[in-house]
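Residue-level listing of the chains:
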Amino acid sequence: MTSKLDSLKQHTIIVADTGDIQAIRALQPVDATTNPSLLLKAAEQPEYRALLDQALRQTAGSLDPISEACDRFAIALGSEIVKLVPGRVSTEVDARLSFDRDATIAKARRLIEGYEELGITRDRVLIKIAATWEGIQAAAALEREGIQCNLTLLFSFAQAQACADAGVFLISPFVGRIYDWHKRQEGRDFSGLDDPGVQSVARIFRYYKEHLYATVVMGASFRNIGQIEALTGCDRLTISPALLQQLAGEPGELELSPALRGTADSRTVLDERAFRWSHNEDAMATEKLAEGIRAFAADQLKLERLLAARAASAA
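(A) Structural detail: the overall build of the protein. Along the backbone of the protein there are 14 helices and 8 strands. Here the C-alpha atoms of the protein give a radius of gyration of 19 Å, agreeing with the 20 Å that 2.2 N^0.38 yields for 315 residues. Across its three principal axes, the protein shows a C-alpha extent of roughly 60 × 50 × 40 Å. Across the 315 residues that make up the protein, the buried fraction comes to 56%. Long-range contacts, defined here as pairs at least 24 residues apart, represent 68% of the contacts in the protein between residues at least 6 apart.

What follows is the structure, given as structure tokens:
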């Protein structure tokens, strides 16, 4: 009997949304994504202490050893993940740089250099950047250098339009967080094609395909397998190990989602002023982008404190 996961793989590239090496080894996705929250979770587990200590040794004596050690830990974990997947690993730029184009570019270059020092070529790595206007412009510059990007914390159609026109390799629109916002605002649940998060990703997907954009659409942040099933046929889906295991345990044949077919919005190119206004008009997107940046920044700070405490105890 075919599982829903096996059926989904016939239509969509599966990406593991985790920094857990054991989960990736067991689930065998094509790609894997990490973020500051997932890195923090990994850093708190005993099996990754050797990577933390290695990162601290590598950066001892540098001008900003703890910040650099965070980068080194992300790269070390990513390099382990790359050994297990045939595709790419996504590594995220510090969320505190989300409104600084030049600093984002500099950080991305350093991350790529770190991977290349370990013999991992840039075509195995995606640099994750928050889809602010500054982040999108940074990604446009990086793409021209051959550093491909994954634009994350994407909630509005304006963000998707700007990312496509910037020529970014991939976007990660967040299904579950959109669903959460509407569920709280409207006081009711959603399912299937009625789900606002599903509708958002489907709208972006139709727009990209209709206007022949090469940017990959990778749905992210799922709350249940119903949301995943409703996006069967999307370019890629990044899914947590728990939901991947649930899909693997349920028999069933999945078909291409009707939400991904049909009419698309007319093509519009947004300058900075039009982008900021259009994004600002979306209350959900404005709130969730700001919230997401704050949350990732907070977890980055926690990771830095963890590393600082570990460095102090070893001194």
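Back to the text.
(B) Structural view of the nonpolar core. In terms of nonpolar packing, the biggest core is built from 90 residues, with L151, I171, Y208 and I239 touching the most fellow members. With 10 residues, the single largest contributor to this core is helix 5 (residues 65–82). Those residues in contact with Y208 that sit more than four places away from it in its chain are A160, C163, A164, I171, Y213, T215 and V217. Of all hydrophobic cores here, the second largest spans 14 residues; its members include F155, I178, L289 and I293.

(C) Structural view of the packing of aromatic side chains. Evaluation of the coordinates by the stated rule reveals 6 aromatic pairs. Measuring from centroid to centroid gives 5.3 Å for W133 and F275, while their planes differ by 45°, and the two rings are tilted. Taken together, the residues W133 in helix 7 (residues 133–144) and F275 in helix 13 (residues 272–280) connect sequence positions 142 residues apart. Of the two residues, W133 and F275, both sit in the buried class. Chaining the aromatic ring pairs together yields one cluster made of F157, Y207, Y208 and Y213. The ring of F169 carries R88 above its face, with NZ or CZ at 4.5 Å from the centroid.

(D) Region of interest: the pattern of salt bridges. As enumerated under the stated definition, the model contains 24 salt bridges in all. The salt bridge partner of K83 is E80, with a shortest N-O separation of 3.1 Å. Take K83: its relative accessible area is 61%, and that puts it in the exposed class. Using a relative accessible area of 29% as the deciding quantity, one classes E80 as partly exposed. Several salt bridges share partner residues, and in doing so they unite K4, E229 and E250 into one network.

(E) Expanded view of the pairing of strand 8 (residues 236–239). Burial of strand 8 is two-sided: the residues R236 and T238 facing one way and the residues L237 and I239 facing the other way are all buried. Here strand 1 (residues 13–17) runs beside strand 8; their pairing, made up of 4 bridges, is parallel. Within strand 8, the residue paired with V15 across the bridge is T238. Alignment of strand 7 (residues 216–219) against strand 8, held across 2 bridges, turns out to be parallel. Of the residues in strand 8, the one forming a bridge with M218 is R236.

(F) Seen up close, the pairing of strand 6 (residues 170–173). On strand 6, burial covers both faces: L170 and S172 on one face and I171 and P173 on the other are all buried. Relative to strand 6, strand 5 (residues 149–154) is paired through 3 bridges, and the arrangement is parallel. Considered in strand 6, the bridge of N150 is made with L170. Following the backbone out of strand 5, through helix 8 (residues 157–166) and into the adjacent parallel strand 6, one traces a crossover that is right-handed. Inspection of the sheet shows strand 6 paired to strand 7 by 2 bridges, in the parallel sense. Among the inter-strand pairings, I171 is bridged to a residue of strand 7, identified as V217.

Rules used throughout
- Residues numbered from 1 in each chain as written.
- Predicted model: local features only at pLDDT ≥ 70, side-chain atom pairs only at ≥ 80, totals over all residues.
- Heavy atoms only, no water.
- Helix = DSSP H or I, 4+ residues; strand = E, 2+ residues; numbered from the N terminus.
- Rg over C-alpha atoms; globule rule 2.2 N^0.38 Å.
- Buried < 20%, exposed > 50% of the residue type's maximum accessible area, 1.4 Å probe, protein only.
- Contact = heavy atoms within 4.5 Å.
- Core = buried A, V, L, I, M, F, W, Y, C linked by side-chain atoms within 4.5 Å.
- Phe/Tyr/Trp six-rings, centres within 6.5 Å; stacked < 30°, edge-to-face > 60°.
- Lys NZ or Arg CZ within 6 Å of the ring centre and 35° of its normal.
- Salt bridge = Lys/Arg side-chain N within 4 Å of Asp/Glu carboxyl O.
- Pairing = 2+ DSSP bridges.
- Right-handed = clockwise from strand over helix to strand, strands pointing away.

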